[in-house]
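Architecture and fold: a report
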There are 14 protein chains.
Amino acid sequence: MLQGISNEAFVLGCSAIGAGIAMIAGLGPGIGQGIAAGKGAEAVGRQPEAQGDITRTMLLGQAVAETTGIYSLVIAIILLFVRPLLAGL
Amino acid sequence: MLQGISNEAFVLGCSAIGAGIAMIAGLGPGIGQGIAAGKGAEAVGRQPEAQGDITRTMLLGQAVAETTGIYSLVIAIILLFVRPLLAGL
Amino acid sequence: MLQGISNEAFVLGCSAIGAGIAMIAGLGPGIGQGIAAGKGAEAVGRQPEAQGDITRTMLLGQAVAETTGIYSLVIAIILLFVRPLLAGL
Amino acid sequence: MLQGISNEAFVLGCSAIGAGIAMIAGLGPGIGQGIAAGKGAEAVGRQPEAQGDITRTMLLGQAVAETTGIYSLVIAIILLFVRPLLAGL
Amino acid sequence: MLQGISNEAFVLGCSAIGAGIAMIAGLGPGIGQGIAAGKGAEAVGRQPEAQGDITRTMLLGQAVAETTGIYSLVIAIILLFVRPLLAGL
Amino acid sequence: MLQGISNEAFVLGCSAIGAGIAMIAGLGPGIGQGIAAGKGAEAVGRQPEAQGDITRTMLLGQAVAETTGIYSLVIAIILLFVRPLLAGL
Amino acid sequence: MLQGISNEAFVLGCSAIGAGIAMIAGLGPGIGQGIAAGKGAEAVGRQPEAQGDITRTMLLGQAVAETTGIYSLVIAIILLFVRPLLAGL
Amino acid sequence: MLQGISNEAFVLGCSAIGAGIAMIAGLGPGIGQGIAAGKGAEAVGRQPEAQGDITRTMLLGQAVAETTGIYSLVIAIILLFVRPLLAGL
Amino acid sequence: MLQGISNEAFVLGCSAIGAGIAMIAGLGPGIGQGIAAGKGAEAVGRQPEAQGDITRTMLLGQAVAETTGIYSLVIAIILLFVRPLLAGL
Amino acid sequence: MLQGISNEAFVLGCSAIGAGIAMIAGLGPGIGQGIAAGKGAEAVGRQPEAQGDITRTMLLGQAVAETTGIYSLVIAIILLFVRPLLAGL
Amino acid sequence: MLQGISNEAFVLGCSAIGAGIAMIAGLGPGIGQGIAAGKGAEAVGRQPEAQGDITRTMLLGQAVAETTGIYSLVIAIILLFVRPLLAGL
Amino acid sequence: MLQGISNEAFVLGCSAIGAGIAMIAGLGPGIGQGIAAGKGAEAVGRQPEAQGDITRTMLLGQAVAETTGIYSLVIAIILLFVRPLLAGL
Amino acid sequence: MLQGISNEAFVLGCSAIGAGIAMIAGLGPGIGQGIAAGKGAEAVGRQPEAQGDITRTMLLGQAVAETTGIYSLVIAIILLFVRPLLAGL
Amino acid sequence: MLQGISNEAFVLGCSAIGAGIAMIAGLGPGIGQGIAAGKGAEAVGRQPEAQGDITRTMLLGQAVAETTGIYSLVIAIILLFVRPLLAGL
């Protein structure tokens, strides 16, 4: 029945669950960037003199892969801070 | 029963859960772009003089892979800001 | 019981969940296009002089892979804007 | 209890969830066509003079892979527009 | 309790969910046909003069893979149109 | 409570969900036959003069793989047409 | 509460769901036989003169893989026809 | 509440669901035996003169893999026929 | 509420579901033994004169892999026959 | 409400479900030991004269892998026999 | 409502489910140790004279992999015997 | 009904679940960084004189992969400390 | 309603479920350490004279991999013994 | 209804479940670090004289991979000790 729960508490509770689900996306960039780090270390091991170029390319590619993790962070922060403020909660 | 919950709070709560689920899609581009970053670093390690071309192709391909992550972000923001405004919540 | 929830709020809430589920499809193109971007960068690293052809083929293939992500976006937008309007919500 | 929900709202709510679930299928073509795009770019990188033939074969194969994504889109649109109209909702 | 929901609305709602679940099968042909498209493009890249034979074999194989996607579409359409008509809904 | 739902509607609703679940099996043949189509195209690319034999073997193998997809279709159709008729629904 | 549902309808409804779940097993033989079909086509492509032997071995192996799909079909049919008859439903 | 459901109907309903879940195990032998069939066809393609030995070994191995599928079938049949009889249902 | 269900029916129903879940383990030996069968056939194809040794090793290894499938069968049979008898059901 | 269910029946029902879930672990040793059996058969095929050593190592390794399957069996038997006895059920 | 269930039965029931879930971890060591057994048999096949060293290393590594399976067993036994005793159940 | 639960307890309970779900993302960086560590150790084994460069590249890549794990930690801490304080809980 | 359940029993029941879920993590180290054991045995097979070094490195790496399994054990024990004591349960 | 459960017990129960879910993340580092341990042992087997460097790189990489497992431990401990204290539970 949830009869004793106020609107504010209901929205805050759902937002907490939603923010948690949103963060699951972070396992994607985590796996992908780790593979990139491994390939980068392997490439440096084969051509140590090209370390600068390899590292720059790896970081550039990882930076793009990072974005969807940041999107999830943004949505989770909106869920926990911005949205409740706008709704006056 | 949820008897004490207003319509507005119900829609906001569902939107919070929905936005969280939508963000899960972000793990796809995260894995894919990470693989691309790894292959890019590997290719640079083999042909350092072609770094410019490799990086440009990698970024171009990653930019397209980014799109579905952005779609999810857009839908999550619509769920949290635009839709409630239109419905007068 | 959901006794205090109006029809409009019920449909809007279900639409929010449905739109979130629909966006999950975006992880498919994200992974696939990322693999394509990696293969493209690898191919350019092997044949830098064919960069134009490789990039064009990669982008063409990615554009087709993009489509199902766009379908999901379309259905999510219909769920959030078009359908409620038609039903007068 | 859902006592206050009309028949129309119930069907529309279920259709919204069903349309969202149907769109999940889109991750299949997304992954598959991305693999095809990667293989295509790789093949062009090896035989740039055969780009036309490779691209045509890749697009033909991707077009067939696209179909199940389109089926899902069709069912989702039927769920949101055609079916409710027929039932007079 | 669902006390206020008519029989017709209950069956239509379940059919909408069922049709959505049935469409999930579409991700199988999507992945498989995409792999076929990639292998086809690769084979054409190696033997451009056999493009006709390769494409024909690929399309033939994909056509068989398509069938289970079509079965799902058929069941979803039966769920949404044929069955309700027979039951007089 | 589902107090207002007739026996017929309950069975039809469960059958709709069951038919949807049964169709999920279709993703297996879809993936498998797609792999077969890819291998077939690859084999034709290597030995174009054996196309007839390769295609025949591929189709024969795919036909067997098709069967479980057809079983699912049969059960779904029984669920939607035959069973309700026998029970007088 | 399900207060208005008869015993017969309850058993028929559960059987419909159970038959659907049982059919999911069909995706196993579908994937496995597809892999077998691909390997068979590949082997024929390498040794066209041994097509008869290869095809016979492939079909024999696939026939064994088929069995669990048939078991599922048998259980689903028992669930939908035999069991209800025995229980007098 | 399930107040109107008899003990017999409750047990039969649970048995139907349980039999369906048990059959899911069938996807394991399906995948495994399919892999075995593929390897067998490949081996015959390489050594057609050893077809008898290869096929015998493959069938022997598959026969063992079949067992767990048969166990599931046995449990499902017990659930649907033997157990209810013993309990006098 | 399940108010009308006797203790015996409740335990039998739970046992039916539990037996079904236990049988899922059978997909593990199914996949593993299938892989073993494939490797065995492959090995025989390479060294037909060692067929006896290969087959014996394969069967020995498969026999061990079989055990967990048998454990599941044992627990399912205990759930359906032994336990209820001891509890006097 | 489960109002009519005795404490004993509740614990026995939960134990039945718990024993079923515990047995799922058996799919791990099943897959792993199957892979070991395959590798063993392959190794014997390459070095038939070392069959004794290979088989002994394989069986030793499989025996360790068996343990977690036995742990599950032990816990399931405790759940079904030992625990209820201790609690006087 | 679970109104007729005593505290002791509730805790014992939850412990039974919890013990079952904890045992699922056993599939990890099962797969891992099986892979180790396969690699060990393969290594012995290549270097039969090093069997002692290989087997010792394999068993040492497997013993460490066993630990998490034992942790699960420990927690399951605590759940079923130690904890209830301490709480006086 | 949750009638006796205060708003504060409801929000704290949901936050606890949400924080737990958010931490699941940590398995992504864990897998990815482990792969990177393995590739790094392999590369050092091949080129011990380049250890400094390899380790620096590996750590740089892992540091980026770490970020999404940290995002999850941040959201979990916000869920458990910051948000409740702001809401005056 | 759970009306007859005391606070202590509720917390103990939830802790039992939570401890079971926490132990699932143990399948990660189980798989990982098993792979390490396999690689170690393989390496010893290739370089029996380096067994000491290989085993030491393998055990060192496995010891680190063990940690997350131990964390889960610690949390499960806290859930079952420490926390209830502090709360006076 | 949970009517007889105090706020404190509700929060403690949710925290127990949340702590269990958070620990699941530990399977990521477990798999990843195990792969690293395997690669490290392999590398030492190839270059025993570089054992120091390889082990140091492996441990450094594993230490970073460990972090997300520690984050989960921290959140679980906060859930079980710190948060309840702050809330005065």
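Computed from a prediction, not measured in an experiment: that's the story for all the values here. (Residues numbered from 1 in each chain as written. Chains lettered and ligands numbered in written order. Predicted model: local features only at pLDDT ≥ 70, side-chain atom pairs only at ≥ 80, totals over all residues. Heavy atoms only, no water.)

**Some details on the overall build of chain A**
Within chain A, the regular secondary structure consists of three helices and zero strands. For chain A, the sequential pattern of α-helices and β-strands runs α-α-α. Taken over the C-alpha trace, chain A has a radius of gyration of 20 Å; the compact-globule value for 89 residues is 12 Å, which it surpasses by more than 25%. In chain A, buried positions account for 72% of the 89 residues. Taking contacts inside chain A between residues at least 6 apart in sequence as the whole, the part at least 24 apart equals 72%. Entry remark: accessible area of chain A is about 2,500 Å², with carbon and sulfur atoms responsible for 68%. When the 4 positive and 5 negative side-chain charges of chain A are each reduced to one mean point, those points stand 4 Å apart. (Helix = DSSP H or I, 4+ residues; strand = E, 2+ residues; numbered from the N terminus. Rg over C-alpha atoms; globule rule 2.2 N^0.38 Å. Buried < 20%, exposed > 50% of the residue type's maximum accessible area, 1.4 Å probe, protein only. Contact = heavy atoms within 4.5 Å. Areas by Shrake-Rupley, 256 points an atom, 1.4 Å probe, with all protein chains shown as cover. Lys, Arg positive; Asp, Glu negative; His and termini not counted. Charge placed at Lys NZ, Arg CZ, Asp CG, Glu CD.)

**Some details on the UniProt feature "transmembrane region" (unreviewed entry) in chain A**
In the numbering used here, UniProt assigns the "transmembrane region" (unreviewed entry) feature to residues 9-31 and 68-86 of chain A. Counted over residues 9-31 of chain A, helix gives 87% and strand 0%. Its end C-alpha atoms are 35 Å apart. (UniProt positions renumbered as here; feature names shortened; annotations may be inferred.)

**Quick word on the interface of chain N and chain L**
Accessible area lost upon the coming together of the parts serves often as the stated size of an interface. In this assembly, 50 residues from chain N lie in contact with 48 residues from chain L. When chain N packs against chain L, close to 4,000 Å² is buried across both sides, 73% of that on carbon and sulfur atoms. The interface formed by chain N and chain L contains one salt bridge. Where Lys39(N) meets Glu42(L), a salt bridge forms, and the shortest distance between an N and an O atom there is 3.4 Å. Joining chain N to chain L, the criterion identifies eight residue pairs in polar contact (both at pLDDT 80 or more). Secondary-structure elements contributing two or more residues to the side of chain N that touches chain L are helix H1 (7-23), helix H2 (27-46) and helix H3 (51-86) of chain N. Here the element with the most residues in the side of chain N that touches chain L is H3(N); it accounts for 20 residues. (Buried area = accessible area lost by both parts, 1.4 Å probe. Salt bridge = Lys/Arg side-chain N within 4 Å of Asp/Glu carboxyl O. Polar contact = N/O pair within 3.5 Å; in protein donor to acceptor, adjacent residues only side chain to side chain.)

**Focus on the side chain of Thr68(D)**
Looking at where Thr68(D) falls in the secondary structure, it is placed in helix H3 (residues 51-86). Not counting the four nearest positions on each side in its chain, Thr68(D) is found in contact with Pro29(D), Gly26(E), Pro29(E), Gly30(E), Glu66(E) and Gly69(E).

**Examining the packing of helix H1 (residues 7-23) of chain G against helix H1 (residues 7-23) of chain H**
It is at 7 Å that the axes of H1(G) and H1(H) come closest, and there the two elements cross at 5°. One element, H1(G), and the other, H1(H), form an angle in the roughly parallel class. Residue-level contacts link Asn7(G), Phe10(G), Val11(G), Cys14(G), Ser15(G), Ile17(G), Gly18(G), Ile21(G) and Ala22(G) of H1(G) to Ala9(H), Phe10(H), Leu12(H), Gly13(H), Ala16(H), Ile17(H), Gly20(H), Ile21(H) and Met23(H) of H1(H). (Axes fitted to C-alpha atoms, helices over the stretch in contact; angles between N-to-C directions. Parallel < 35°, antiparallel > 145°, perpendicular 65-115°, else oblique.)

**Notes on the interface of chain K and chain M**
Contacts between the two partners involve 51 residues from chain K and, on the opposite side, 48 residues from chain M. Buried surface at the junction of chain K and chain M, both sides included, amounts to about 4,000 Å², of which 73% is carbon and sulfur. Applying the counting criterion to the chain K and chain M interface returns one salt bridge. For the side of chain K that touches chain M, the secondary structure elements donating two or more residues are helix H1 (7-23), helix H2 (27-46) and helix H3 (51-86) of chain K.

**Things to note about the state of the cysteines**
In the structure shown here, the tally under the stated rule is zero disulfides over all chains. In this model Cys14(D) remains outside any disulfide bridge; the closest cysteine sulfur is found in Cys14(E), 6.8 Å from its own. (Disulfide = S-S within 2.5 Å.)

**Notes on the environment of Gly26(D)**
For Gly26(D), the location among the structural elements is in the loop between helix H1 (7-23) and helix H2 (27-46). Taking the C-alpha atoms as reference points, Gly26(D) and Thr68(D), separated by 42 residues in sequence, lie 7.8 Å from one another. Once residues within four sequence positions are removed from consideration, Gly26(D) is found in contact with Ala25(C), Pro29(C) and Thr68(C).

**Topic: the pattern of salt bridges**
Should their charged atoms come close, side chains of opposite charge can pair. All names here are of chain G. For the coordinates displayed, the defined rule picks out 28 salt bridges over all chains. Between Arg56 and Asp53 there is a salt bridge, with the nearest N and O atoms lying 3.6 Å from each other. Taken as a pair, Arg56 and Asp53 lie in helix H3 (residues 51-86) at a separation of three residues, close to a single helical turn.

**With respect to the environment of Lys39(F)**
Looking at where Lys39(F) falls in the secondary structure, it is placed in helix H2 (residues 27-46). Taking the C-alpha atoms as reference, Lys39(F) lies 8.6 Å from Met58(F); in sequence the two are 19 residues apart. If sequence neighbours within four positions are ignored, Lys39(F) has contacts with Gly38(G) and Glu42(G). At 3.5 Å, the side chain of Lys39(F) forms a polar contact with the side chain of Glu42(G).

**Concerning the UniProt feature "domain: V-ATPase proteolipid subunit C-like" (unreviewed entry) in chain A**
Sites flagged by UniProt as "domain: V-ATPase proteolipid subunit C-like" (unreviewed entry) map to residues 17-79 of chain A. Counting secondary structure, residues 17-79 of chain A comes out at 89% helix and 0% strand; the distance between its end C-alpha atoms is 10 Å.

**Remarks on helix H2 (residues 27-46) of chain J**
With 20 residues, H2(J) extends 29 Å from end C-alpha to end C-alpha; this agrees with the ideal 28 Å at 1.5 Å per step. The buried fraction of H2(J) is high, at 18 of 20 residues. (Expected span 1.5 Å × (residues − 1).)

**Re the environment of Leu27(C)**
Its location among the elements puts Leu27(C) in helix H2 (residues 27-46). The spatial distance from the C-alpha of Leu27(C) to the C-alpha of Ile70(C) is 12 Å, given a sequence separation of 43 residues. With residues up to four places along the chain from it excluded, the contact list for Leu27(C) reads Ala25(B), Leu27(B), Gly28(B), Pro29(B) and Leu27(D).

**Some thoughts on the confidence of the model for chain A**
Taken over all residues, the pLDDT of chain A has a mean of 88, while the share at 70 or more is 91%. What the predictor reports for the complex is a pTM of 0.90 with an ipTM of 0.86. (pLDDT = per-residue confidence, 0-100.)

**So, the arrangement of the chains**
When C-alpha atoms are compared, chain B and chain D, though not in contact, are closest at a spacing of 7 Å. The smallest C-alpha distance separating chain E from chain G is 7 Å, and no contact links them.

**Description of the side chain of Thr55(H)**
Inspection of the secondary structure assignment puts Thr55(H) in helix H3 (residues 51-86). Polar contacts involving the side chain of Thr55(H) include one to the main-chain carbonyl oxygen of Gln51(H), which spans 2.7 Å. In this structure, Thr55(H) is in contact with Thr57(G) and Leu60(G), ignoring residues within four places of it in sequence.

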